[in-house]
Amino acid sequence: MTAFAKQSQEVTQIYQVSGQYNFLMKIETASMKSLEAFIYDCSEYGHTTTMTVLSTPLEQE
């Protein structure tokens, strides 16, 4: 999965996490159609869960 994430232009960050999931990826796509294509490409590595950001009430740098 990390090799896939490193070569994918959509992936901006990847985290290895504990709990139910193995990885959390932050991605940016141009459209819902490109998101769908990205999810399809990820399916080779197992089941995915997708969440979308609706807003960013607090963003610290």
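Residue numbers restart at each chain and count upward from 1, following the sequence in its written direction. Local features in this predicted model are restricted to residues of pLDDT 70 or higher, and side-chain atom pairs are both shown and tallied only at a pLDDT of 80 or more, whereas totals for entire chains, interfaces and linings draw on every residue. Only hydrogens and water are removed before side-chain values are computed, so all heavy atoms of the structure are retained for them.

A few points about the packing of aromatic side chains
- Planes of paired rings set the category: under 30 degrees apart is stacked, over 60 is edge-to-face and the rest tilted, where pairs are Phe, Tyr or Trp rings (Trp by its six-membered ring) whose centres lie within 6.5 Å. In the structure shown here, the tally under the stated rule is 2 aromatic pairs.
- Here phenylalanine 4 and phenylalanine 38 contribute two aromatic rings whose centre-to-centre distance is 5.7 Å and whose plane-to-plane angle is 40 degrees, an arrangement assigned as tilted. With phenylalanine 4 in helix 1 (residues 2-7) and phenylalanine 38 in helix 2 (residues 32-42), the pair connects residues that are 34 residues apart, well separated along the chain.
- Only protein chains enter the calculation, and the probe is 1.4 Å; a residue is then buried if its accessible area is under 20% of its type maximum, exposed if over 50%, and partly exposed in between. You can call phenylalanine 38 buried: its relative accessible area is 6%.
- Each residue in the set Phe4, Phe38 and Tyr45 is aromatic and connected to the rest through ring pairs, giving one cluster. What counts as a helix is a DSSP run of H or I of at least four residues, what counts as a strand is a run of E of at least two, and both are numbered from the N terminus.

What to know about the nonpolar core
- As used in this record, nonpolar core signifies buried Ala, Val, Leu, Ile, Met, Phe, Trp, Tyr and Cys residues forming a set joined through side-chain atoms within 4.5 Å. One finds Phe4, Ala5, Val11, Phe38 and Cys42 forming the largest nonpolar core, which totals 5 residues.
- Listed by contribution, the elements that provide at least two residues to this core are helix 1 and helix 2.

Side note on helix 2
- Taken as a whole, helix 2 has its buried residues at Leu35, Phe38 and Cys42. Projected down its long axis, helix 2 carries its buried residues within an arc of 60 degrees, all on one side. Exposed side of helix 2, more than 90 degrees from the buried face: Lys33, Glu36 and Tyr40 are the residues found there.
- In this structure, the buried side of helix 2 is in contact with helix 1, strand 1 (11-16) and strand 2 (23-27). Regarding the arc, it is the one traced by the directions from the helix axis to the C-beta atoms. The criterion used for residue contact is that any of the two residues' heavy atoms lie within 4.5 Å.

Section: the pairing of strand 1
- Pairing between strand 1 and strand 2: 5 bridges, direction antiparallel. Bridged to tyrosine 15 within strand 2 is leucine 24.
- The turn joining strand 1 and strand 2, which pair antiparallel and follow one another in sequence, is formed by 6 residues; a positive phi near 105 degrees is taken by glycine 19. For two strands to be treated as a pair, DSSP must find no fewer than two bridges joining them.

Quick notes on a nonpolar patch on the surface
- Residues Tyr15, Val17, Tyr21 and Leu24 make up a contiguous nonpolar surface patch of roughly 350 Å² in combined accessible area.
- On the secondary structure map, valine 17 appears in the loop between strand 1 and strand 2. Patch rule: a residue counts if its relative accessible area is over 30% and it has no salt bridge; like charges are joined within 9 Å, and nonpolar side chains (Val, Leu, Ile, Met, Phe, Trp, Tyr) within 5 Å. Computed by Shrake-Rupley with a 1.4 Å probe, the accessible areas treat only the displayed protein chains as cover when residues are assessed. Salt-bridge detection follows one rule: a side-chain nitrogen of Lys or Arg within 4 Å of a carboxyl oxygen of Asp or Glu.

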